[in-house]
Amino acid sequence: MEVVKTITEVRSLVKSAREQGKTIGLVPTMGALHVGHISLIERSVRDGCFTVVSIFVNPTQFTPGEDFEKYPRSLNTDLKICKDNKVDLVFVPTAEEVYGKEMLTWVNVEKLTEPLCGKFRPGHFRGVTTICAKLFNIVIPDVAYFGQKDAQQAIVIKKMVADLNMPLEIIACPTVREPNGLAVSSRNQYLSPDERKDAACLYNALQRCEQMAKSGITHTPQLIAEMRKIIEAAPTVKQIDYIEIVDTHSLQPLEKITDKALLALAVKIGATRLIDNILIDTTS
Ligand code: AMP
């Protein structure tokens, strides 16, 4: 496994792999790697890719007042995880390597970035799409792997790739969860034991909603009220940013579930903002 810091080195190593006939798979991450990230790496390795993992805590996707400074950083453990999971190349750039001295060009996907997290994290998705576009241009992967855990992010990136004719495939992989249902996240490290226990209410609420929708209750205000009730019952829940039931393509709110829907929520447990979602299909 090679570990490099510069764009020139990445390009040269990827070029050799491609010349050997290999397919290039990219797993973009912000580090603090966990079983969720590992599932993406495993998928890339299983698909036979020359697997590139980028580790970069991207400053432009944090909004003012968010946790950029204290975001968990654990490079040595991350590199061991990459090595143990058969990663071929790890790209660990500095902010200057990625953004240079003056960035005047940004990639922004309209509409899809306005609802859900877009309402609460202005500029977040612009930072995400810009860094992903840059990583796609630096690595030039055939495939990039993202987690369904960040459902809106995966949808926004797919749209960027389609709209800008970027020559790669985006694969969204299932959310990996802890035994109590909590979606694994680097930010779970911030939770106290009580908060971690309470955080199970997010997945419980999503599952309850799916169950109700499948039993024929399809009017979304009633379903959202039920999810809210379950979440508000957890003592350490501080604030609900949103609980929404939206169309899986447009991300616009649905009045009624007719077949597919994305149930998505963002909730502050103590001081930690957690997101979760599930895709449901009431016809299957
Ligand atoms: P991050 O390091 O949080 O930016 O995440 C890097 C990638 O890992 C993103 O595509 C995330 O959606 C994905 N990811 C994070 N947590 C999980 C999880 N619990 N299950 C599956 N994928 C995940």
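Residues numbered from 1 in each chain as written. Predicted model: local features only at pLDDT ≥ 70, side-chain atom pairs only at ≥ 80, totals over all residues. Heavy atoms only, no water.

A. Inspection of the pattern of salt bridges at higher detail. One pass over the structure, following the stated rule, counts 18 salt bridges. Asp163 serves as the salt-bridge partner of Lys159, at 3.0 Å between the closest nitrogen and oxygen. One end of the pair is Lys159 and the other is Asp163, both in helix α7 (residues 151-163) and four residues apart, which spans about a single turn. A relative accessible area of 37% places Lys159 in the partly exposed class. The class of Asp163 is partly exposed, set by a relative accessible area of 45%. A salt bridge links Lys197 to Asp194; the shortest N-O distance between them is 4.0 Å. You can see Lys197 and its partner Asp194 sitting in helix α8 (residues 193-198), three residues apart, about one turn around the helix. (Salt bridge = Lys/Arg side-chain N within 4 Å of Asp/Glu carboxyl O. Helix = DSSP H or I, 4+ residues; strand = E, 2+ residues; numbered from the N terminus. Buried < 20%, exposed > 50% of the residue type's maximum accessible area, 1.4 Å probe, protein only.)

B. How the structure looks around the nonpolar core. Counting 46 residues, the largest nonpolar core has Phe136 and Met160 as its most contacted members. Counting residues per element, this core draws most heavily on helix α6 (residues 124-139), at nine residues. In this structure, this core is formed jointly by two domains, domain 1 (2-173) and domain 2 (186-278), each of which donates at least three residues. Setting aside anything within four residues of it in sequence, one finds Met160 in contact with Val107, Val109, Thr129, Cys132, Ala133, Phe136 and Met166. Among the nonpolar cores identified, the runner-up in size contains 28 residues, and Cys209, Val237, Ile245 and Leu274 belong to it. (Core = buried A, V, L, I, M, F, W, Y, C linked by side-chain atoms within 4.5 Å. Domains from an automatic or database assignment. Contact = heavy atoms within 4.5 Å.)

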